[in-house]
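# Understanding the architecture of this molecule
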Amino acid sequence: MDLGLAGRTALVLGATSGLGAATSRALAAEGARVAVVGRDAGRTRAQADALGPSASPVVADLTDEHAADLISDGVERALGPVDILVLNGGGPPPGTAAAMTGHDVEAAIGLLVRTQVELVRRVLPGMIDRGWGRIIAVGSSGVHQPLPNLALSNVGRAALSGYLKTLAGEVARDGVTVNMAHPGRIETARLQQIDEANAQRAGRTVEDVRTTSADSIPAGRYGQPDEFAALVTFLASDRAAYITGEEIRCDGGLVRGR
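Let us look at the structure shown here. Just so it is clear, the structure is predicted and the values come from calculations on it, not from any experiment.

On to helix 3 (residues 67–79). Under the 1.5 Å per step criterion, the end-to-end length of helix 3 is 18 Å for 13 residues, consistent within 8% with the ideal 18 Å. Those residues of helix 3 that fall on the buried side of the exposure criterion are A67, A68, I71, S72, G74, V75 and L79. Burial along helix 3 is one-sided: seen end-on, the buried residues are contained in an arc of 165°. Once helix 3 finishes, G80 follows within two positions and takes phi at roughly 100°, a positive value.

In this section: the sheet that holds strand 2 (residues 33–38). If you trace the seven strands from one edge of the open sheet to the other, you get 3-2-1-4-5-6-7, paired in parallel fashion. The open sheet has two edge strands with one neighbour each: strand 3 (55–59) and strand 7 (247–250). With direction set aside, neighbouring strand axes in the sheet form an average angle of 20°. The pairing of strand 2 with strand 3 spans five bridges and is parallel.

Let's shift gears to empty space enclosed by the protein. Counted according to the given criterion, the structure contains two cavities of 30 Å³ or more. Space inside the largest cavity adds up to approximately 50 Å³. Around the largest cavity, the lining residues are L87, N88, G89, L112, Q116, A137, V138, R157 and L160. Looking at the lining of the largest cavity, the elements that each hand over two or more residues are helix 4 (102–130), strand 5 (133–138) and helix 5 (151–171). Split into classes, the residues belonging to the lining of the largest cavity amount to five nonpolar, three polar and one charged. Here the second largest cavity is characterised by a volume of approximately 40 Å³. Along the walls of the second largest cavity sit S161, L164, K165, A168, V178, N179, M180, G245, E246 and E247, which together make up its complete lining.

What counts and what doesn't
Residues numbered from 1 in each chain as written. Predicted model: local features only at pLDDT ≥ 70, side-chain atom pairs only at ≥ 80, totals over all residues. Heavy atoms only, no water. Helix = DSSP H or I, 4+ residues; strand = E, 2+ residues; numbered from the N terminus. Expected span 1.5 Å × (residues − 1). Buried < 20%, exposed > 50% of the residue type's maximum accessible area, 1.4 Å probe, protein only. Arc of directions from axis to C-beta. Pairing = 2+ DSSP bridges. Axes fitted to C-alpha atoms, helices over the stretch in contact; angles between N-to-C directions. 1 Å grid on protein atoms, 1.4 Å probe; cavity = no way out; pocket = protein on both sides within 12 Å on 5 of 7 lines; lining within 4 Å. Points joined across faces, edges and corners; volume = space filled by probe spheres on them. Nonpolar A, V, L, I, M, F, W, Y, C, P; charged D, E, K, R; others polar.

Structure, rendered in structure tokens:
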């Protein structure tokens, strides 16, 4: 199936590891020019080099208040206007709702919402002018079913979800689609961190926590990053032109409700 991504410019946040790295590989494999965004200069350049000459590294920290300017300017200089924006990044530290403070919430919103909104503001006008654009956020199943001990992530990602759902209705007639892809338990360093935190909190071994966790998934296993990246790549394609304002889970059947 030709996804119509050859020659498109894709900007992928958090593209040096996990879901972001897998997504950058999948988009590059379809012929897209990929801007690899990461905060570690060495890893960011290495990932871009691995994708080939059509990829370009952009070093930026999403928590920096000027990150959106640095990223958007860097991508346009290197690859041109952005056609596909993939909003992705690490989550805040684990913790309970009862323990969170106002400062914690502010930091979570800064990490998961502020820079993302500013980036959309910078690339959206060009997408509208060209009559084609794709905005895809990497969310979490916690938006639909709050995850224990991940209260700050639940709050921040739900806020981003509300913003994107509203935006989708505003730009649908302009040829711009806006969607959110929710990973379940995908085999990444972030999931390892969560499993370790849950094991410590419960006084159990990490192996025991992983086994119990996998057994609770109808598919019986954790997902792989490339499986999630395939979903994001499809949503970025010409084939997904009539899909917008949606939140689609890739979780092996983990969340039972809507």
